[in-house]
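# Reading the structure
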Amino acid sequence: MSAVWLPRKCVKTTTDRISNLPQNVTQQILECLPLEEAARMSILSSHWRQKWCSISQLILDKRFFSSIRKPKPRTADISLAYSKTVNDILLSHVGPIRKFVLYVPAWFPKETDLCQWIRYVRAHGVQDFTLVDDRGPEKNLPTSLFSCVGLAHLTIGGCKLLSLPPTFKGFPSLISLKMRFSFYFASTRVAVKVLETLISKCPQLQSLYLFIIEPRINLTIHALNMKDLCLKGLVSELYLKGAKVLTSLTLDIHICEQNRQMNEIFTCLTNVEKLALSNSFWKSIERYEFPTQFPRELERLQILKLEEIPLYYQPAISLALCLLVSSPHLEQLYIKASKQREVSDQPLIQIENSCILPCLKNVQLFGICGLRGELQLIKYLLAFSPSLEEMTIELSKKMGGAVEKFSFAMETTRYRRASADVEIFNCLTNVEKLVLRELF
């Protein structure tokens, strides 16, 4: 057998490519791993030794806490081990800390440690801070957090907001704020005022997510640069001031002062491009009547999501139609019907022939049961959407057998269509398709 000659450049070398990775690539790899796994990378080579100490994000979340808790059954031992581990990590760290996630377990007794940790990451330039406190809503938010004036993103879960430090002048660089908390153990009016003041002291705030657990509150939000607002929980009244650049709004709240509040909210959202109304919102409109069109159109609305909407109630259908006809540039519509209750035979709503949806292209309907109101809505969408390209209909599991679903599908195919290119997709299971094939 003759020898095979290989060019010099094809000969395999023994170069350690892992050790020769660029610094930024090494950092990206480590930041994709849980912290304990990143620390174990030290055994690969001398190049990787202590590299984890310089990563710019420290994720000490619930998963990280669980890894410490497993071998230590007693609470005192776990508390000591947790404090020691976090202290060791922070003292070993080198360089800036851009992102810091901290989970505080329910029984954690050391308030001084918590304050020291916050001051440490503040001194290292933290910009993205998440604090999840499981000690209960009676625990106030640590005052040391308000000294982190360089924050751009702040997420808080489980704490109570009782007061702001007298020296607090705001978070001048904060872009996004997420808070999940309860006012149950506080004076509600005072606590709400503190929350409103905090929001107003964030001049660059663009994204706000609030989940109010209890009790019901009246909330005024004043944020001139806010673009994205998501509000869930127990809010009786909502007032938006200066929301001129708001482009995305999600409401999952129970509003009490219906007619006045509805008009006030929707008529000030002239720049909103995406609107989502969910669950609790629809529970608050069942006894009210609404106009067929708002005084001012939602001229920039392109995406509309109506989740858990009770399509067996006329007020819900009326408001949905009101939103549709008030949105001349709507392109996408997503509707998820709520579970059917006992339904009375109500008369259908009259829809004017001039209510055209000229830009609507995609419609997704889920949980449809074949109710009269649902059929009326589908008929309207097909008849008055000349640009419609696709309509997806997923029927409810409670709708009955395959024959009933087939009858529904046949009914929708007979509806007049304003668009010659529209395709209707009725989502059936493979079993239902087999049954229909046998029957028809």
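Structure: see above.
If you're wondering where the values come from, they're calculated on a predicted model, not measured in any experiment.

Another point: the side chain of Ser 176. You can see Ser 176 is positioned in strand E5 (residues 176-181). Of note is the side chain of Ser 176, whose polar atom sits 2.7 Å from the side chain of His 153. Not counting chain neighbours up to four residues away, the residues in contact with Ser 176 comprise Ala 152, His 153, Leu 154, Leu 205 and Ser 207.

So, on to the environment of Glu 237. Position of Glu 237 relative to the elements: it lies in strand E7 (residues 228-241). Each C-alpha atom, one on Glu 237 and one on His 254, is 8.2 Å from the other, the two residues being 17 residues apart in sequence.

This part takes up the packing of helix H10 (residues 372-383) against helix H11 (residues 402-413). Two numbers describe how H10 lies on H11: the axes approach to 10 Å, and their chain directions differ by 35°. Here H10 runs over H11; the crossing is right-handed. Of H11, the residues touching H10 (which contributes Leu 375, Ile 378 and Leu 382) are Phe 408, Glu 411 and Thr 412. Residue composition of the contact of H10 with H11, by class: four nonpolar, one polar and one charged.

In total, this model carries eleven aromatic pairs according to the counting rule given. Where Tyr 334 meets Phe 366, the ring centres are 5.3 Å apart and the plane angle is 40°; that geometry is what we call tilted. Of the two residues, Tyr 334 sits in strand E11 (residues 332-337) while Phe 366 sits in strand E12 (residues 362-368), which places them 32 residues apart along the sequence. Using a relative accessible area of 21% as the deciding quantity, one classes Tyr 334 as partly exposed.

The next point concerns the side chain of Ser 326. Within the secondary structure layout, Ser 326 lies in the loop between helix H9 (314-325) and E11. Residue Ser 326 is classed as buried on the basis of its relative accessible area, which comes to 0%. A polar side-chain atom of Ser 326 sits 2.7 Å from the main-chain carbonyl oxygen of Cys 322.

This paragraph deals with the pairing of strand E4 (residues 153-157). By the bridge criterion, five bridges tie strand E3 (residues 128-133) to E4 in an arrangement that is parallel. Within the sheet, the bridge partner assigned to Leu 131 lies in E4 and is Ile 156. Here E4 runs beside E5; their pairing, made up of five bridges, is parallel. Its bridge partner being in E5, Leu 154 is matched across the sheet by Leu 177.

In this section: the packing of H9 against H10. Close contact between H9 and H10 brings their axes to 11 Å; oriented N to C, the two are set at 10°. Compared by their axis directions, H9 and H10 come out roughly parallel. Residues Ile 317, Leu 321, Leu 324 and Val 325 of H9 touch H10, and the partners they reach there are Gly 373, Leu 377, Tyr 380 and Leu 381. Its residues assigned to classes, the contact of H9 with H10 shows seven nonpolar, one polar and no charged.

Further remarks concern the pairing of strand E9 (residues 274-278). For E9, the buried fraction is high: four of the five residues fall into the buried class. Sheet topology note: the strand E8 (residues 248-253)/E9 ladder contains four bridges and is parallel. Its bridge partner lying in E9, Leu 251 is registered against Leu 277. Bridge count for E9 against strand E10 (residues 303-309) is five bridges, and the pairing is parallel. In the strand pairing of E10, Ala 276 is matched with Lys 305.

Conventions we followed
- Residues numbered from 1 in each chain as written.
- Predicted model: local features only at pLDDT ≥ 70, side-chain atom pairs only at ≥ 80, totals over all residues.
- Heavy atoms only, no water.
- Helix = DSSP H or I, 4+ residues; strand = E, 2+ residues; numbered from the N terminus.
- Polar contact = N/O pair within 3.5 Å; in protein donor to acceptor, adjacent residues only side chain to side chain.
- Contact = heavy atoms within 4.5 Å.
- Axes fitted to C-alpha atoms, helices over the stretch in contact; angles between N-to-C directions.
- Left-handed = near helix turned anticlockwise from the far one by under 90°.
- Nonpolar A, V, L, I, M, F, W, Y, C, P; charged D, E, K, R; others polar.
- Phe/Tyr/Trp six-rings, centres within 6.5 Å; stacked < 30°, edge-to-face > 60°.
- Buried < 20%, exposed > 50% of the residue type's maximum accessible area, 1.4 Å probe, protein only.
- Pairing = 2+ DSSP bridges.
- Parallel < 35°, antiparallel > 145°, perpendicular 65-115°, else oblique.

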